[in-house]
Amino acid sequence: MLFSILVAFSINPWVSYITTKNIDLNEPHPVKKESRFDVRKLYLKFMNYFINDDKKSNRNRKLFKATFWISLVLVMVLPIYF
């Protein structure tokens, strides 16, 4: 279980970064005309919210980390309590 968490939070984001680092959000992507949904653009918009080097992104990262770890502890402890 610990190895799975290690892979999910270290290797998967690294591979995602490597595979999407040359994507330009303004560049048109050849997609079928009936579908305007592009997962890569959505992922990059979400990650840029946390990755930028400004103060707001730093605060967002800290808030996300705190929320994640508190949620994880609650998920592990609450079944024991109930």
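Novice: Looking at this structure, how should I read the confidence of the model for the protein?
Specialist: Caution applies to low-pLDDT parts of the model: their predicted coordinates are not meant to be read in detail. Of all residues in the protein, 80% attain a pLDDT of 70 or more, and the chain-wide mean is 80. Averaged over each element, pLDDT in the protein is lowest for helix H2 (residues 39–51) (80) and highest for helix H3 (residues 55–81) (90).

Novice: Any chance you could explain the packing of aromatic side chains here in plain terms?
Specialist: Note on aromatic pairs: each is described by the distance of the centres and the angle between the planes. Throughout the structure, instances matching the rule amount to three aromatic pairs. Ring geometry for phenylalanine 9 versus phenylalanine 68: centroids 4.9 Å apart, planes at 65°, classification edge-to-face. Remark: phenylalanine 68 occurs in helix H3 and phenylalanine 9 occurs in helix H1 (residues 2–20); sequence separation between them is 59 residues. Here the aromatic rings of phenylalanine 68 and tryptophan 69 are separated by 5.0 Å at their centres, their planes lie at 75°, and the arrangement is edge-to-face.

Novice: Where do I start with the side chain of serine 57 in this structure?
Specialist: With respect to the helices and strands, the residue serine 57 is situated in helix H3. Residues contacting serine 57, with those up to four places away along its chain left out, are Asn48, Tyr49, Phe50 and Asn52.

Novice: Looking at this model, I keep getting lost on the side chain of asparagine 60. Mind explaining?
Specialist: In this structure, asparagine 60 sits in helix H3. If we skip the residues at most four places from it in the chain, asparagine 60 touches Tyr49 and Phe50.

Novice: Explain H1 to me, please; I cannot follow it from the model alone.
Specialist: Residue pairs spaced three or four apart in an α-helix point in one direction, given the helix's 3.6 residues per turn. An ideal rise of 1.5 Å per residue puts 27 Å on 19 residues; H1 measures up with 27 Å between its terminal C-alpha atoms. At alanine 8, H1 shows its strongest bend, of approximately 30°.

Novice: In this structure, what is going on with the packing of H2 against H3? I would like to understand it.
Specialist: Helix packing for two helices is described by the angle between their axes and how far apart those axes are. Where H2 contacts H3, the two axes come as close as 6 Å, and the packing angle between them is 100°. The angle between the axes of H2 and H3 places the two elements in the roughly perpendicular class. On the side of H2, the interface is formed by Asn48, Tyr49, Phe50 and Ile51, while H3 contributes Ser57, Asn60, Arg61 and Phe64. Residue composition of the contact of H2 with H3, grouped by class: four nonpolar, three polar and one charged.

Basis of the calculations
- All residue numbers here refer to positions counted from 1 along the written sequence of the relevant chain.
- With the structure being a predicted model, the display of local features is reserved for residues of pLDDT at least 70 and the display and counting of side-chain atom pairs for 80 or more, all residues being used for whole-chain, interface and lining totals.
- Side-chain measures were taken over the full set of non-hydrogen atoms in the model, leaving aside hydrogen atoms and water.
- The quantity called pLDDT is the predictor's confidence in a given residue, expressed from 0 to 100.
- Numbering of helices and strands starts at the N terminus; helices are DSSP runs of H or I of at least 4 residues and strands are runs of E of at least 2.
- The aromatic pairing rule takes the rings of Phe, Tyr and Trp, using the six-membered ring of Trp, and pairs them if the centres are within 6.5 Å, calling planes under 30 degrees apart stacked, those over 60 edge-to-face and the rest tilted.
- Throughout, a residue-residue contact means that at least one pair of heavy atoms, one from each residue, lies within 4.5 Å.
- Helix span is expected to be 1.5 Å times the residue number reduced by one.
- In this scheme, the bend at a residue equals the angle between the axes fitted to the seven residues that finish there and the seven that begin there.
- In this analysis, axes come from line fits to C-alpha atoms, helices being fitted only over the stretch in contact, and the angle between any two N-to-C directions falls in the range 0 to 180 degrees.
- Orientation categories follow fixed angle ranges, with anything under 35 degrees roughly parallel, anything over 145 roughly antiparallel, 65 to 115 roughly perpendicular, and all other angles oblique.
- When residues are grouped by polarity, Ala, Val, Leu, Ile, Met, Phe, Trp, Tyr, Cys and Pro land in nonpolar, Asp, Glu, Lys and Arg in charged, and all others, Gly among them, in polar.

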